[in-house]
Every structure is written in structure tokens, then in C-alpha cells.
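What follows is each chain in one-letter form.
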Amino acid sequence: MKIKKLICATVIVASSVSGLTGCIGQMGLTQLAVGVNLKAVDNRYGRAGIYVLAAPVYGVTALVDLMVINSIEFWTGTNPITKKGPAVADTPVEAWMKINGDIDPALTGAPLTDLKVSTQSTSMEVLDDDSLKLTVAYVDGSEQSIIGKRLANNDVAFYNQGRLVAVASNQQLLDHVASL
């Protein structure tokens, strides 16, 4: 009986350690199963049907990926299914967020300085004690409006088409006016 308990405890500890290291990875076996699904039939409805029928397979592959394959990837640095490295756990965050350094600098910012807008008129309307509506009419006949609503702390919330687009403090607004 002691041997069964020892084996059981060893299996639990080994799978726990394995599971703790394998939670992040390329999920290579599950990718392989998805690839089989995509190659099986060239029709979205057929693929969806296969996906539903193969749902238990995806559950098993995900479990094997999480508990075994991703652990191997974690400890060796390479996923044994995809043969790709470095391990996802070793990939620096900067690599995922890095912007292509070879891109033309003119394409990295908004060209607002060259923006030429022809307006026909502007108007401001007081909606209530805490709200103003600014409407801009363009030469092409279109209109845009923005509503500024004073909040309880004297910040101003700006809405376009009923959606909140910005909140500015009273000091930020005063600083902006002073910079003009």
C-alpha cells in the first residue's frame, strides 16, 4: 500500500511540476490537429462540422500540449512538434511589440500638419448648464459634431456620435488654450 501511495504522490508531483512549466507554449500538437481539420475539406461549413466532431480530439491535444509538449519546449527551448525555437517563454516582449525599423519615418506618424480641411461654418450650441455641442459643417455638405459635458469634478468628457472619445481636466484645457 505504501508503494501505491508513493507512486501516486510521485505522479502528482511530476505532473504538477510539468504543468507549471507547460502552461505557455506554441501548442504544437493542437496546431497540428487544426491543420488536419483545415486540410480535410475546402469548405467553411465542412470545417465547422469536422471541428464539432473532433472537439474531444482538441481537448486531448490541448491537455497533452499543456502538460507534456509545452513542458518539453520550456526545458529544451524548442517545441518538439513544430521544431521551432526559442520557447515562447523565452521570447522577449519587445520582439512582439517591435515596429519594423526599416519603415519610412513619414509613415510612422499621423500627417496632421499637412491636413487641409475646408469648412463652411462652425456653430456652438448650449444644451444645458453642463453641456455644449460644437458642430462643424464642411464644404462638401457633411457635418461633424462633438459634445462636451462637464463632469462632477470639473473634468470635461467629449462625445462623438454618443461615444466617449476623451476626458480632459480643466487644467489641461487651460494649458491647451494658453499654448495656442
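Structure first, text after, so check above.
Everything numeric in this text was worked out from a predicted model, so none of it was measured.

Rules behind the numbers
- Residues numbered from 1 in each chain as written.
- Predicted model: local features only at pLDDT ≥ 70, side-chain atom pairs only at ≥ 80, totals over all residues.
- Heavy atoms only, no water.
- Pairing = 2+ DSSP bridges.
- Helix = DSSP H or I, 4+ residues; strand = E, 2+ residues; numbered from the N terminus.
- Axes fitted to C-alpha atoms, helices over the stretch in contact; angles between N-to-C directions.
- Contact = heavy atoms within 4.5 Å.
- Buried < 20%, exposed > 50% of the residue type's maximum accessible area, 1.4 Å probe, protein only.
- Salt bridge = Lys/Arg side-chain N within 4 Å of Asp/Glu carboxyl O.

Caption draft 1: Summary view of the sheet that holds strand 4 (residues 156-160). Read from one edge of the open sheet, five strands run 1-2-3-4-5, paired in antiparallel fashion. Here the strands that pair on one side only, and so sit at the sheet edges, are strand 1 (119-128) and strand 5 (163-168). Adjacent strand axes in the sheet meet at a mean angle of 20°, parallel and antiparallel pairs treated alike. Where helix 6 (residues 170-179) meets the sheet, it contacts strand 4 and strand 5, and its direction lies at approximately 75° from that of strand 5.

Caption draft 2: Up close: unusual backbone geometry. At Met-27, a residue that is not glycine, the phi angle is positive and equals roughly 55°. Relative to the helices and strands, Met-27 resides in the loop between helix 1 (2-21) and helix 2 (28-40). On the accessibility criterion, Met-27 (23% relative accessible area) is partly exposed. Even without being glycine, Gln-161 reaches a positive phi, approximately 55°. Note that Gln-161 resides in the loop between strand 4 and strand 5.

Caption draft 3: The arrangement of the pattern of salt bridges in detail. Scanning all chains against the criterion turns up two salt bridges. The closest approach of N and O atoms between Asp-42 and Arg-47, which form a salt bridge, is 3.7 Å. With a relative accessible area of 73%, Asp-42 lands in the exposed category. Assessed through its relative accessible area of 28%, Arg-47 is described here as partly exposed. Residue Asp-130 is joined to Arg-150 by a salt bridge in which the shortest nitrogen-to-oxygen separation is 2.9 Å. Taken as a pair, Asp-130 in the loop between strand 1 and strand 2 (131-138) and Arg-150 in strand 3 (residues 143-150) lie far apart in primary sequence, 20 residues in all.

Shape is all these values report; function is a separate question.
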